[in-house]
Amino acid sequence: MFHLLTGLVCFLFAVIYTAQITAFLGVFRLLPVILIGGLVLAVGVWLFFRWDEGGLLTELGDRAERATGQLRWLNWAGWVVSVGVFFLIVLLPLIRWPYSPISDVLHWDAGAYHFPKAIELFKSGTYWDLSIPFGEYPNGFESLLAFGLLLTNNEALFGSVHALIALLTFLSIWALGWRYTRLPGGVLAWMTLVMFLSGSVLIANNPWWIVVNQAFVIGKNDLFTAAVVLAALVFAPIGSRGQRMVYHLPGLAFCTSLILAIKPVGVYAVLPLWLPLLFRWGKLVWQRTNVRQTLLNVLFSALVTVPAALWIVRNLVVIHTLFPPGVWEYNEWSILNNLNNPYFYNYLPKLFLFVLGVTGGLVVLAIAGWLGGKAFWGRWLGLPSIAQALALLVLFFSFVITPQTAFYGSNQQPTQIGWRFGVALLSYLFVLLIGLAEPLIQRALDWMNHRGWLMLAGVVVMVAIGGGLFWQNRDLLKIYPGNDIVLRDQFREPVGVDGYFSAYDFVRRNIHNSVVQIENGLMYYVYGENFSNQPTKLHYPLGLETMVAQRDPQYYVTFCTNFWTYQAEECPAYLESSSFTERWELIYRDDYGRVYQRR
């Protein structure tokens, strides 16, 4: 399973690394991507397994088989149940999307900018057009989608991309447990499966409900960010108490490159993982010891990570700043920026208090062990190491500093903790809690190993719980051919007139190869057949829209709809103003939307 994780990391790195270079040069086309990406993948895999800088692969390879005697039956049961249920309940429905029950309504962010960014990259071969919504953000996630578009010319592989992301999340959580504990791999896989799918059974008072929730959200990159952060922790110089500092430089560099290309806030969690290496390398250079190898490590790290940050160069060239003013305003809704806000404390959710308490408790236990308390506690608890405690604090800090983690839209309302940004923190807490309970779990496994009937009972329990999770989610295996409407329209029932499903349908059937301005609706749905249209909003980058060339719209589409309730609303008054009607002619109208053509 660890080799599956490494292969997946190498593949994702090769695709996204290649996309960043080709998009920067304006040559994101199938042939260059396949040729360059294939070379990057081959070199990356070779380096990953042949250059064990840091000694992590050697240490993991030297570990003895953890499941011996009758425990092998329990271990195999864990493997079979976890692999089978995860494939059937998580991976298969994602691969089948949009014909599976998941994400039958597209998330607003997906249709507003994630999918459009991927389509624009696919169509233009470059990421230099910042007039598209949030075009100034890095596009690592979107480049995966665009790679699928290059291969198929349609959205057929969008679900498979999310299946890879869900698989990366599962493997990263399992690999952290595998590295930090001595528990059998199958048992760890089963425990990871139960945590991963627990949100499909119980949401209330369940800290990990958000994991499966995000796994089934098509078109967002929050889970991808968390998965890469967790994978970086697997390869980082962080181990459990009593282990020597080992790491894997290629793996850490690949994950750092991925996070730089996916989401800027991820750097708060990943870049601190480099501090022990930078200190070590600086010390070696200062002492003039092994200088050549150290400089080689630095050069390799730079070659892997810097191209993933080329979007920073693009932004500085085009808009002369890292992000436009409108983007920085989202920071006002983070937890860190609302520590003096009474609304934050008056409506603080119990789950946040639980996470805060467990985080603090694990840090205290790590300090207690460091001060010599291991002799007292170590018999019953697997105390975290100081390095693990610091990593946990880094994850907690990266969570609270992330925009929109406390509020959304306004900070003068009850707190709305954005747990979708906290998947990495919650998953790491799960791993550390497993490590904390490891001595007790190991004692129970050793006891079962000498009692055949108990081992058989354990296998039955594993299969029963796995079967229960499968049965609870069995509807995810159904196929709904009509669900492909999610690729064409925001509405699920016809709201149009004259035989049209909606205003989106009118655009799709009648408007081609045109620039279409879209308001109060999703850009994704006005691209039309074969993505021939060029949608625009005319106000991106937020606050700096005059610094980039805006598309000149030939059509204007707007919706008089509340998309929270899908109820028609009164249209804005400006649509009836003379300044508007003198420029735009109404060519389609229903109770929910309108389409205008420029006069």
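Above this text sits the structure in question.
Residues numbered from 1 in each chain as written. Predicted model: local features only at pLDDT ≥ 70, side-chain atom pairs only at ≥ 80, totals over all residues. Heavy atoms only, no water.

Draft legend 1. Quick peek at the pairing of strand β3 (residues 555-559). Across the five residues of β3, five count as buried, placing the element largely inside the fold. Residues Y555, V557 and F559 of β3 are buried on one face, and the alternating residues Y556 and T558, pointing to the opposite face, are buried as well. As paired strands, strand β1 (residues 515-519) and β3 are joined by four bridges and run parallel to one another. Bridge pairing in β3 places I518 opposite V557. Where β3 meets strand β7 (residues 593-598), five bridges bridge the pair, whose relative direction is antiparallel. Residue pairing across strands places T558 opposite R594, the latter belonging to β7. (Buried < 20%, exposed > 50% of the residue type's maximum accessible area, 1.4 Å probe, protein only. Helix = DSSP H or I, 4+ residues; strand = E, 2+ residues; numbered from the N terminus. Pairing = 2+ DSSP bridges.)

Draft legend 2. Molecular detail of helix α19 (residues 386-401). The end-to-end C-alpha distance of α19 is 22 Å, a good match for the 22 Å that 16 residues give at a rise of 1.5 Å each. Listing the buried residues of α19 in full gives Q388, A389, A391, L392, L395, F396, S398, F399, V400 and I401. (Expected span 1.5 Å × (residues − 1).)

Draft legend 3. Representation of the packing of aromatic side chains within the structure. As enumerated under the stated definition, the model contains 53 aromatic pairs in all. A ring pair is formed by Y504 and F559, whose centres lie 4.3 Å apart and whose planes are at 35 degrees; its orientation type is tilted. With Y504 in helix α22 (residues 503-510) and F559 in strand β3, this pair connects stretches of sequence that are 55 residues apart. Classification of F559 as buried rests on a relative accessible area of 2%. The interplanar angle of 55 degrees and the centroid separation of 5.1 Å between the aromatic rings of Y524 and Y525 together place this pair among those described as tilted. Considered together, Y524 and Y525 belong to a single accessibility category, that of buried residues. Put simply, the rings of W108, F115, F158, F491, Y504, Y524, Y525, F559, F563, Y566 and Y592 pair up and form one aromatic cluster. When the ring centre of Y127 is taken as origin, the NZ or CZ atom of R314, which lies over that ring, is 4.6 Å away. (Phe/Tyr/Trp six-rings, centres within 6.5 Å; stacked < 30°, edge-to-face > 60°. Lys NZ or Arg CZ within 6 Å of the ring centre and 35° of its normal.)

Draft legend 4. Highlighting the sheet that holds β1. Strand order in this open sheet of five strands is β2-β1-β3-β7-β6, and the pairing throughout is mixed. Each of the sheet's edge strands pairs with one partner strand only, and the pair in question is β2 (534-536) and β6 (584-589). Averaged over all adjacent pairs, the angle separating strand axes in this sheet is 25 degrees, with direction ignored. Of the strands in this sheet, β1, β3, β6 and β7 are in contact with α22, which crosses β7 at around 35 degrees. (Axes fitted to C-alpha atoms, helices over the stretch in contact; angles between N-to-C directions. Contact = heavy atoms within 4.5 Å.)

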